[in-house]
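# Breakdown of the fold
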Amino acid sequence: MLPKLLDNPLIVNNLFYPRSARPGENNPPNVYDGTIPVAEEVALGYRLYVHTADSPVLLYFHGNGEIAPDYDSMAELFHDAGVSLLVVDYRGYGWSSGKPLISTLLADAEAVLKAVPDIVKRVGITNAALFVMGRSLGSAPAAHLASQQPDALRGVIIESGFAHEPSLFRRLMIPEDLLKQVPSVFGNVGKIAGSHLPLLVIHGENDTLIPVENGQTLFDASPAEAKMLLRIPGAGHNDLLIYGIGPYFAVLLQFVKAHS
């Protein structure tokens, strides 16, 4: 009954906006595409942008309207912040198979984390510190891994993330009578509250889709001794780099250096 409620088309079609792509045939030498099996006949696509063989790895879960190749133009900025970037798509996105579903999102993230050591080892990265980052929808798998697998991670980064999904679903115009039937499946704030991993929260102060109070709530809930909050003045949900590209990557570099 739970998957049926969670994967109601009225919710799924408003939460996920998949786009198709093909693995790169002429990627630069430091860019690698592949897939991660997560269920029978289902595999998630990824793109790995390698910085150096010993640089930390940032496992990145993107927003609901993005795909891994969208980060081609930003990968060098992440390299300048000292990390190799591993962007993983959701089901039905990019070259991933399957259909995007709420009920499988978190279990898929667990399978992805388990696969990361082999993925990076194949391209010559060994003993690298691993961080997880989630933007918008991606805050759910990132918070989940921070809660469930803290020993595998050095820190968690939440960009434009939500604290409570009902408030997000309302802004996505999902009917109120349906929301009353759907349980809280993500529980971001509870998971962050239960994790002592170092935390970095980045949020635009003018975000109207997921208001900045969500980021502040996540930051305040964290019991971590090492936590940082960057609120970018003037920025909304999708334009943080326009308003604050300097502070954004400066704080990312500072956070990764401190916990690698």
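Note: the structure precedes this text.
So, a few notes on the structure that sits alongside this text. The residue count restarts for each chain, going from 1 along the sequence in the order it is written. Whole-chain, interface and lining totals are the exception, using all residues; otherwise, since this is a predicted model, local features are given only for residues with pLDDT of at least 70 and side-chain atom pairs are given and counted only at 80 or more. Hydrogens and waters are ignored; side-chain quantities use all the structure's heavy atoms.

## Let's talk about the pairing of strand 5 (residues 130-135)
How we decide: Think of it in three bands: residues with accessible area under 20% of the maximum for their type are buried, residues over 50% are exposed, and the middle band is partly exposed, with areas taken using a 1.4 Å probe on protein chains only. Under the scheme used here, helices are H or I runs from DSSP no shorter than 4 residues and strands are E runs no shorter than 2 residues, and both carry numbers assigned from the N terminus. Two strands are said to pair when DSSP picks up at least two bridges between them.
A large share of strand 5 lies buried, amounting to 6 of its 6 residues. The two faces of strand 5 match: L130, V132 and G134 on one face and F131, M133 and R135 on the other face are all buried. Both strand 3 (residues 57-61) and strand 5 contribute to a ladder of 5 bridges, which runs parallel. Bridged to L59 within strand 5 is V132.

## A closer look at empty space enclosed by the protein
Inclusion rule: For cavity detection a 1 Å grid was placed over the protein atoms alone, and a set of points counts as a cavity when a 1.4 Å probe fits there but cannot get out; an open set counts as a pocket when protein lies on both sides within 12 Å along at least five of seven lines, with lining residues being those that have an atom within 4 Å of a point. Grid points are joined across faces, edges and corners, and a volume is the space filled by probe spheres set on the points. Only Asp, Glu, Lys and Arg are considered charged, only Ala, Val, Leu, Ile, Met, Phe, Trp, Tyr, Cys and Pro nonpolar, and every remaining residue, Gly among them, polar.
For the structure on display, the rule yields 3 cavities of 30 Å³ or more. Estimated volume of the largest cavity: approximately 90 Å³. Around the largest cavity sit 15 residues that line it, and L44, Y90, R91, L105 and D108 are the ones nearest its centre. Here the element with the most residues in the lining of the largest cavity is helix 4 (residues 102-122); it accounts for 5 residues. Grouping the constituent residues of the lining of the largest cavity by class yields 11 nonpolar, 1 polar and 3 charged. One number sums up the size of the second largest cavity: a volume of about 60 Å³. Its residues placed into classes, the lining of the second largest cavity shows 7 nonpolar, 2 polar and no charged.

## Section: the environment of T104
Mapped onto the elements of the fold, T104 is located in helix 4. Assessed through its relative accessible area of 16%, T104 is described here as buried. For the pair formed by T104 and Y90, sequence separation is 14 residues and the distance between their alpha carbons is 9.6 Å.

## Examining the pattern of salt bridges
Which entries qualify depends on this criterion: Definition used for salt bridges: Asp or Glu carboxyl oxygen within 4 Å of a side-chain nitrogen of Lys or Arg.
Tallying each qualifying case throughout the model produces 7 salt bridges. The shortest N-O distance in the salt bridge between D70 and R19 comes to 2.4 Å. With D70 in the loop between strand 3 and helix 3 (75-80) and R19 in the loop between helix 2 (9-15) and strand 1 (31-39), this residue pair connects regions lying 51 residues apart in the sequence. The partly exposed category is assigned to R19, whose relative accessible area is 36%. Where D108 meets R91, a salt bridge forms, and the shortest distance between an N and an O atom there is 2.7 Å. Linking D108 in helix 4 with R91 in the loop between strand 4 (84-88) and helix 4, this pair joins segments that are 17 residues apart in sequence. Taken as a pair, D108 and R91 share a single burial class, namely buried. Linked through salt bridges whose partners overlap, the residues forming this network are D33, R47 and D72.

## Section: the sheet that holds strand 2 (residues 42-49)
Going by this rule: Between the N-to-C directions of two axes lies an angle of 0 to 180 degrees, each axis being a line fitted to C-alpha atoms and, for a helix, fitted only over the stretch in contact.
Here 8 strands make up an open sheet; going across it, the order is 1-2-4-3-5-6-7-8 and the pairing mixed. One side of each edge strand has no neighbouring strand; the edge strands of this open sheet are strand 1 and strand 8 (227-232). For this sheet, the mean angle separating the axes of adjacent strands, direction not counted, is 20°. As paired strands, strand 5 and strand 6 (residues 155-159) are joined by 5 bridges and run parallel to one another. Across the sheet, the residue bridging to V132 is V156, located in strand 6.

## Brief notes about unusual backbone geometry
Generally, phi is negative for residues other than glycine and the peptide bonds are trans, each holding for most cases. The phi angle at E41 is positive, at roughly 65°, despite the residue not being glycine. Residue position: E41 is located in the loop between strand 1 and strand 2. Exposure remark for E41: the relative accessible area of 73% places this residue in the exposed category. The phi dihedral of S136 falls on the positive side, at around 55°, and the residue is not glycine. Inspection of the secondary structure puts S136 in the loop between strand 5 and helix 5 (139-148). Under the relative-accessibility criterion, S136 is labelled buried at 6%.

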